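Overview (structure and organization)
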Amino acid sequence: MSKQAAGTAAPALARYRVVHETRYAYRNMVTLSQQYLHLRPRDFAFQQTESHRIWADPLENDGSVGVDYFGNHTRHITLTTPHRTLLVHAASTVTLKPRPTLTDIAGAPAWESVRELMSEVQFSAVQEACRYLYASPHVSCGGDLAEYARPSFPAGRPLLDAALELTERIFDDFEFDGEATDISTPLEAVLKGRRGVCQDFAQLMIGGLRSLGLPARYVSGYILTHPPEGQPRMIGADASHAWVSVFCPDLGWVDFDPTNRCLVQSEHITLGWGRDFSDVTPMRGIVLGGGTHSLQVNVTVTPLPEPADAA
């Protein structure tokens, strides 16, 4: 979950191959493992999945695919072969289309009008957005979060202009620190300590927006990282990532990345979205046996050439 600078210009088309490997090593033998996966990239207006494959070592004995409450692709796998290591390998190729730019978001309505619109449930888009308006397992709502977000939302300010400033403030105010938090760290502790990772910054921004009455959802995926100038790209050096999607009646959902201080454009690949991290965990499950274990996750995002017929 890296922190890097990112640009705002979107190319006509972008294509990536993403390889995500999760490896567990157990102290004792595992006799049964059942895993629930969010590892297939989501298809929506700005992204299409060209190909996708998941395999496990040891091989799964049973499996099924589905769609969760939020419309994300899911997969259940069951392994009954005794094992001390488990590898889950997911490989996908995706195509990204241009998203709204800074120019596009400049004409968004005032944030107060969007807040008021949330009570007009006769609109289907508003009904869907209301799923992301309230507190959730990892995102609290309250005075401290509202107080932090409020300086970016003076009366009459366009919603997306305010959201972009909040994105930039989180980048400036908080330090990226992979050791400062874990998945159970409450937002109040992140706000006080001013340190965390992309998951924390995304959920902090979501909590601030929801505390002001604005719908915001958590997006799980990947980001293309850039090696130092003159250095080759390293296999497995990319990372899972998280950012924020804000509902705007005119443009739909618009994505912001507080970890990288940017409006999401052409270097973010979306796995799925939900209320917070718990809704779109890439991999979670239960095992029989195993004892203590170690976990290693490697992600490689490789840019691909545009298809010959892209024009």
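Going by the structure above, here's the rest.
Quick caveat, the model's predicted, so the values are computed rather than measured. (Residues numbered from 1 in each chain as written. Predicted model: local features only at pLDDT ≥ 70, side-chain atom pairs only at ≥ 80, totals over all residues. Heavy atoms only, no water.)

Some details on the overall build of the protein chain
Counted only if it meets this: Each helix is a run of H or I in the DSSP string that is no shorter than four residues. Each strand is a run of E no shorter than two, and both are numbered from the N terminus. Two things to know: the radius of gyration comes from C-alpha atoms, and the globule rule equals 2.2 Å times the number of residues to the power 0.38. Between two residues, a contact is recorded if the distance between any of their heavy atoms is within 4.5 Å. Accessible surface is estimated by sampling points in the Shrake-Rupley manner with a 1.4 Å probe; for residues, cover comes only from the protein chains shown.
In terms of regular secondary structure, the protein chain is built from seven helices and 14 strands. Computed over the C-alpha atoms, the radius of gyration of the protein chain is 20 Å, within 12% of the 19 Å expected from 2.2 N^0.38 for a compact globule of 311 residues. Each principal axis of the C-alpha atoms in the protein chain carries an extent, and together these give about 60 × 50 × 45 Å. Contacts spanning at least 24 positions in sequence make up 77% of the contacts within the protein chain whose residues lie at least 6 apart. Split by element, the accessible area of the protein chain, about 14,000 Å² in all, is 53% carbon and sulfur.

Remarks on helix H7 (residues 198–211)
Our working rule: What a helix should span is 1.5 Å times the count of its residues minus one. Think of it in three bands: with a 1.4 Å probe and only protein chains considered, a residue is buried below 20% of the maximum accessible area for its type, exposed above 50%, and partly exposed in between.
Under the 1.5 Å per step criterion, the end-to-end length of H7 is 20 Å for 14 residues, consistent within 8% with the ideal 20 Å. In terms of burial, H7 is largely enclosed, as 13 of its 14 residues are buried. Taken from the residues just after H7, Gly 213 is the one with a positive phi, measuring 90 degrees.

Things to note about the packing of aromatic side chains
What counts is decided by this rule: Note on aromatic contacts: the rings of Phe and Tyr and the six-membered ring of Trp form a pair at centre separations within 6.5 Å, being stacked when their planes are under 30 degrees apart, edge-to-face when over 60 apart, and tilted otherwise. Charge over a ring is defined by NZ of Lys or CZ of Arg lying within 6 Å of the ring centre and within 35 degrees of the ring normal.
Taken as a whole and judged by the stated rule, the model has twelve aromatic pairs. When the centroid spacing of 5.4 Å and the interplanar angle of 80 degrees are considered together, the rings of Phe 44 and Trp 273 count as edge-to-face. Taken as a pair, Phe 44 in the loop between strand S1 (14–37) and strand S2 (47–57) and Trp 273 in strand S12 (residues 268–274) lie far apart in primary sequence, 229 residues in all. Note on accessibility: Phe 44 and Trp 273 belong to one class, buried. Plain terms: the ring middles of Tyr 218 and Phe 277 are 6.5 Å apart, the flat faces sit at 80 degrees to each other, and that makes the pair edge-to-face. Here Tyr 218 is found in strand S8 (residues 216–223), whereas its partner Phe 277 is found in the loop between S12 and strand S13 (283–289), with 59 residues between them in sequence. You'll find Tyr 218 and Phe 277 in the same group, each marked buried. Chaining the aromatic ring pairs together yields one cluster made of Tyr 69, Phe 70, Tyr 132, Phe 247 and Trp 253. Here the basic side chain of Arg 217 rests over the ring of Trp 253, its NZ or CZ set 4.1 Å away from the ring centre.

Topic: the pattern of salt bridges
Threshold: One speaks of a salt bridge when a side-chain nitrogen belonging to Lys or Arg is within 4 Å of a carboxyl oxygen belonging to Asp or Glu.
In total, this model carries nine salt bridges according to the counting rule given. Note that Asp 161 and Arg 157 form a salt bridge whose closest N and O atoms lie 2.7 Å from each other. The class of Arg 157 is buried, set by a relative accessible area of 17%. Here Arg 261 ties to Asp 172 by a salt bridge, and the two come within 3.7 Å at their closest N and O atoms. With Arg 261 in the loop between strand S10 (252–257) and strand S11 (262–263) and Asp 172 in helix H5 (residues 159–173), this pair connects stretches of sequence that are 89 residues apart. With a relative accessible area of 37%, Arg 261 lands in the partly exposed category.

Side note on the sheet that holds S12
Cut-off, in case you're wondering: Pairing between strands requires that DSSP locate at least two bridges from one strand to the other. Axes here refer to lines fitted to C-alpha atoms; in helices the fit is confined to the stretch in contact. Angles between the N-to-C directions go from 0 to 180 degrees.
With antiparallel pairing, the five strands of this open sheet are ordered in space as S11-S10-S9-S8-S12. The sheet terminates laterally at S11 and S12, the two strands that pair on one side only. Looking at chain direction, S8 and S12 are connected through six bridges and run antiparallel. For Ile 223, the partnering residue across the bridge sits in S12 and is His 268. Here H7 sits on the sheet in contact with S8, strand S9 (239–248) and S10, set at roughly 15 degrees to S9.

Description of unusual backbone geometry
Here the amide bond leading from Asp 57 into Pro 58 is cis, since omega sits at 5 degrees, within 30 degrees of zero. The residue Pro 58 is located in the loop between S2 and strand S3 (62–67) in this model. At Arg 194, a position not held by glycine, the phi torsion is positive, near 60 degrees. Following the sequence through the fold, Arg 194 ends up in the loop between helix H6 (187–193) and strand S7 (195–196). Positive phi values are uncommon outside glycine, yet Arg 261 reaches one of about 60 degrees.

Notes on the environment of Val 246
Positionally, Val 246 belongs in strand S9. Taking the relative accessible area as the measure of exposure, Val 246 reaches 0% and is therefore buried. C-alpha of Val 246 to C-alpha of Tyr 218: the two residues are 28 residues apart in sequence and 9.3 Å apart in space. For Val 246, the contacting residues outside a window of four places in its chain are Leu 159, Leu 160, Ala 163, Leu 209, Pro 215, Gly 252, Trp 253, Val 254 and Phe 256.

So, the nonpolar core
Heads up, the rule is: Residues enter a nonpolar core if they are buried and are Ala, Val, Leu, Ile, Met, Phe, Trp, Tyr or Cys, with the set joined through side-chain atoms within 4.5 Å.
Core analysis: the biggest nonpolar cluster contains 41 residues, and Phe 153, Leu 159, Leu 160, Leu 209 and Phe 256 have the highest contact counts within it. When contributions to this core are tallied by element, the ones reaching two or more residues are helix H2 (111–117), helix H4 (143–149), H5, H6, H7, S8, S9 and S10. Ignoring anything within four residues of it in the chain, the contact list for Phe 153 reads Trp 111, Leu 159, Ala 162, Ala 163, Leu 166, Leu 209, Leu 212 and Leu 214. Counting 24 residues, the second-largest nonpolar core is a separate cluster that includes Leu 39, Ile 77, Val 94 and Val 299.

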